[in-house]
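This is what each chain is made of:
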Amino acid sequence: MSDTLHVEDVSRLSPEAAPERPSPLARPLSPLSPDGVSIAAHSTVALDLHSPAALRRIERDAAARLAPHTLMARAGDAVAHWLYGHLPALASAGRQPVLLLAGPGNNGGDAYVAARQLHRRGVLVDVWQLAPPATDDARWALGEALAAGVPVRRAPGTWPQPNAYAWIVDGLFGIGLSRPLDGAAGALVEHIAYTHARGTPVLAIDIPSGLMAATGLAEGPVIRANATIAMLGACPGLFTGAGRDVAGEVFVARLGTEDLTATHPGSGVATSAPDAFIEHFPRRQHASHKGSYGSLAVLGGHDGMVGAPMLSARSGLMTGAGRVYVGFVANDAPAWDPVHPELMLRQAESLDLASMQAVCVGPGLGTSAASAACLSRALALDDTPLVIDADALNLLAAEPTLAQRVRRRKGPTVLTPHPLEAARLAGCDVAGIQADRLASARALAKQFDATVVLKGSGSIIDDGARTWINITGNAGLATAGTGDVLTGVIGALLAQGMPATQAALAAVWLHGKAAQRCVHEGAGPAGLTASELLPAIRTELGMLADPA
C-alpha cells in the first residue's frame, strides 16, 4: 500500500444549502475540478483515526441536521466523482462498463447512488445486488437508481471474463462487519479477487469487504482494492494487519462534516508522522563534541549470533549517537568491526553501563544463564533509558522476576516485540495478538509501564495512553536483522536525549522511510538486506533534520 493518505472534501451540499427537493440527487452534479479534491495527509502529516463506533456517532449526528438521505447522496457522489476521474477513455466514453456491487446496508446504498451518478455522466454501469436493501437510506437509493434506468440484478453465481469491466466498486459490507465472510458473500468476494488478480482495478467504499475496521484482521475472503474511500473518517484497520495489503491507496471523504469530526474525538489512535516527535528531535550545534550526543551500549551476541548486536550498534552509529559500544555475551566475539572500526567492542560484563546515556539489550542475546545475567545487569540501571528486544523479551516471558523488575524501573523503557515475542509476553498465541494488534500493544504497555513497539505490517507504537500506527515501510523489512537495526536507531535517539515515546515514533518512522528509499532506488523489496538500510537511515535522518 502507498504510504500516502488523501482527503477528498465533498462538501458541496452544506447544511445551510441542503436541497428542499425530495431527492438530494436532483441537483445537477458539478463537473470534476481540482477544487473538489485536496491532499490533506500523508506520511509526513498525522491523521486521526476513528473507531467504527465513533464514525457511527458522527454519521448519526450529521444525518440529524441534514435533509433526509443527504449524507448518502454525498457519499455516492464522492465515489462517482473520484471514479470518473480514474476511468480509462473507453469507460468514460460509455463503451466499457463499470460494475458496482451492492450489499444490504448503507454501503450498498452508496453504490446505488454512485451508479446513478455515473449513469448520468454517460458511463455504462451494472449493479449486482447481493441482498435487498435493509436500511431506509439504501432503499431510497435503490429506488432513485431504478427510476434513472440503472440496471440492477441479483449477483449471479458465475463470473464474467476478466477485464470485462473497467472498474469494480465494492459496496458489499462496511465498517460494521464483525465476522468472516462465507456463503454467497464469500464466493462473490473470491470471484472479485480472481478478477482483480488479472488486472481489473477495484475501489472499496469505506473499507474492503471482509476486513475488520477496528483491527485490520481478515480471517476469511477479503476484497483486495486498488483504492479505498473511507466516508467521514478512516478506521485503524485500514493501516495495520491485513489492511495495508488490501486497502490500496486510502482516501477520506469528509462529506461536509469537518466540524463534527473535530468535536467527536477519535479513538486515541493516529497515524505516525514527524509532528508527533519533531519537537524533541536532536539538533546539531557547531559548538558540540561526541559527548554531546550520548554514549550507547548494545548488549547481546551469544555464540553464533554476534551479527545481531553489530547491526544494532552500526545503526546507532548511523543515527547519530556520539559513541557506541557493543557488549558481547559470547567468549569468542570479535575484537573490532572492520566495517565500522569506530565501534568499541567489549565483553558485556566489562562495560561500564552506568556511564551510558542509553542501553539496548537483547539482539542475539540468547537465553542462557549468562544471557539472563546480562539482562539483569541492564535492569539494574534504574534511571538509564533502556531498549529491550529479541531474546531479552523471551527471558522476560520466561522469568517473572525479571519482568517485575522492568515494571519497577524509574527510567524509560521501550519494548520492541514482534508478534511471537508479544504472544510470549502476554501468555497467548500469535493469533491472539494479531486478532487485535492495537489492544495487544496497549495491554503490554500497561503491563510493563513501557512504550511498546509491536512490529509488523503497520507497526503499533503505544505508551499506555496514546496509540500510533506507522505507515512508512514496505515488505523489504521482512528479512532477518531489520529488527536489530530498529533497536539501534531507538537506542541512539534515546542516547541523544529524546523521550522514550518520541524516540520510538521517530525510529520506526525513519526505519520505514529508509526501506522505501532503498526500494525506490532499486534495492528490493525481495533481497533487501538489513545492512542496506543503514545509509538510507542516515539520509532520511538528515532530510528530517534539515528538509532543505
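What you see is a predicted model; the values in this text were computed from it and never measured.

A.B. asks: Mind laying out the layout of surface pockets, listing which residues take part and the relevant values?
C.D. replies: To find the voids left in a structure, one rolls a probe of water-molecule size over its atoms. Put simply, the largest pocket is a space of about 800 Å³. Contributing elements (two or more residues each) for the lining of the largest pocket: α7 (243-246), α13 (419-426), α16 (482-495) and α17 (500-520). The class makeup of the residues in the lining of the largest pocket is 9 nonpolar, 17 polar and 7 charged. Of the voids in this model, the second largest pocket is the one considered here, and its volume is about 530 Å³. Forming the boundary of the second largest pocket are 28 residues, of which Glu59, Asn106, Asn107, Asp110 and Asp206 lie nearest the centre. Elements supplying a minimum of two residues to the lining of the second largest pocket: α1 (52-64), α2 (70-84) and α4 (106-120). A per-class count over the lining of the second largest pocket returns 16 nonpolar, 7 polar and 5 charged.

A.B. asks: Give a detailed account of the packing of aromatic side chains, specifying residues and quantitative values.
C.D. replies: Evaluation of the coordinates by the stated rule reveals 6 aromatic pairs. When the centroid spacing of 5.3 Å and the interplanar angle of 65° are considered together, the rings of Trp82 and Phe251 count as edge-to-face. Remark: Phe251 occurs in strand β10 (residues 249-253) and Trp82 occurs in helix α2; sequence separation between them is 169 residues. Classification of Phe251 by relative accessible area gives buried; the value is 6%. When the ring of Phe277 is compared with that of Phe281, the centres are 6.3 Å apart and the planes differ by 45°; the resulting orientation is tilted. Considered together, Phe277 and Phe281 belong to a single accessibility category, that of buried residues. In this structure an aromatic cluster arises from ring pairing among Trp82, Trp167 and Phe251. It is Arg121 that lies over the ring of Tyr84; its NZ or CZ is 4.5 Å from the centre. One Lys or Arg, Arg284, reaches over the ring of Tyr293 and ends 3.5 Å from the middle of that ring.

A.B. asks: Outline helix α12 (residues 400-408), listing residues and values.
C.D. replies: Residues of α12 that are buried: Leu402, Ala403 and Val406. End-on view of α12: buried residues confined to an arc of 100°, all on one side of the axis. The outward face of α12, more than 90 degrees from its buried face, is lined by the exposed residues Pro400, Thr401 and Arg408. Those residues of α12 hidden inside the fold are in contact with α10 (369-379), β16 (386-388), α11 (390-398), β17 (413-415) and α15 (437-448).

A.B. asks: I'd love a proper account of the domain arrangement of the protein, names of residues and values included.
C.D. replies: Considered domain by domain, the protein is made up of domain 1 (39-263) and domain 2 (274-504). Taken residue by residue, the interface counts 14 residues in domain 1 and 16 residues in domain 2. Note on domain 1 versus domain 2: buried area summed over both sides is about 1,200 Å², and carbon and sulfur give 55% of it. When residues of domain 1 are sorted by the area they lose upon contact with domain 2, Thr215, Thr240 and Arg244 head the list and together hold 41% of the total. Viewed at the interface, domain 2 and domain 1 are joined by 1 salt bridge. Arg466 is the salt-bridge partner of Asp48, the closest N and O atoms lying 3.4 Å from each other.

A.B. asks: Can you break down empty space enclosed by the protein residue by residue, with the values?
C.D. replies: A full pass over the atoms with the stated rule returns 1 cavity of 30 Å³ or more. By volume, the largest cavity amounts to about 30 Å³. Every residue along the wall of the largest cavity is listed here: Trp159, Pro160, Gln161, Asn163, Ala164, Tyr165, Ile168, Thr195 and Thr200. Among the residues forming the lining of the largest cavity, the class breakdown is 5 nonpolar, 4 polar and no charged.

A.B. asks: Go over the pattern of salt bridges with me, naming the residues and quoting the values.
C.D. replies: Any two side chains of opposite charge can pair, given that their charged atoms come close. Following the criterion strictly, the structure yields 11 salt bridges and no others. A salt bridge links Asp389 to Lys455; the shortest N-O distance between them is 3.5 Å. Note that Asp389 is positioned in the loop between β16 and α11 and Lys455 in the loop between β18 (451-454) and β19 (460-462), a separation of 66 residues in sequence. The exposure classification of Asp389 matches that of Lys455, with both residues buried. The salt bridge involving Arg517 is made with Glu540; its shortest N-O contact spans 2.8 Å.

A.B. asks: I'd like a description of the side chain of Arg437, backed by residues and values.
C.D. replies: When you line up the elements, Arg437 lands in helix α15. Buried charge Arg437 goes without a salt bridge, the closest partner of opposite sign being Asp436 at 8.4 Å. Of the polar contacts made by the side chain of Arg437, one reaches the backbone oxygen of Lys455; its length is 3.3 Å. Not counting residues up to four positions away in its chain, the partners in contact with Arg437 are Thr240, Gly241, Pro419, Leu454, Lys455, Gly456, Ser457, Gly458, Ser459 and Ile460.

Each value, and the rule that gives it
Residues numbered from 1 in each chain as written. Predicted model: local features only at pLDDT ≥ 70, side-chain atom pairs only at ≥ 80, totals over all residues. Heavy atoms only, no water. 1 Å grid on protein atoms, 1.4 Å probe; cavity = no way out; pocket = protein on both sides within 12 Å on 5 of 7 lines; lining within 4 Å. Points joined across faces, edges and corners; volume = space filled by probe spheres on them. Helix = DSSP H or I, 4+ residues; strand = E, 2+ residues; numbered from the N terminus. Nonpolar A, V, L, I, M, F, W, Y, C, P; charged D, E, K, R; others polar. Phe/Tyr/Trp six-rings, centres within 6.5 Å; stacked < 30°, edge-to-face > 60°. Buried < 20%, exposed > 50% of the residue type's maximum accessible area, 1.4 Å probe, protein only. Lys NZ or Arg CZ within 6 Å of the ring centre and 35° of its normal. Arc of directions from axis to C-beta. Contact = heavy atoms within 4.5 Å. Domains from an automatic or database assignment. Buried area = accessible area lost by both parts, 1.4 Å probe. Salt bridge = Lys/Arg side-chain N within 4 Å of Asp/Glu carboxyl O. Lys, Arg positive; Asp, Glu negative; His and termini not counted. Polar contact = N/O pair within 3.5 Å; in protein donor to acceptor, adjacent residues only side chain to side chain.

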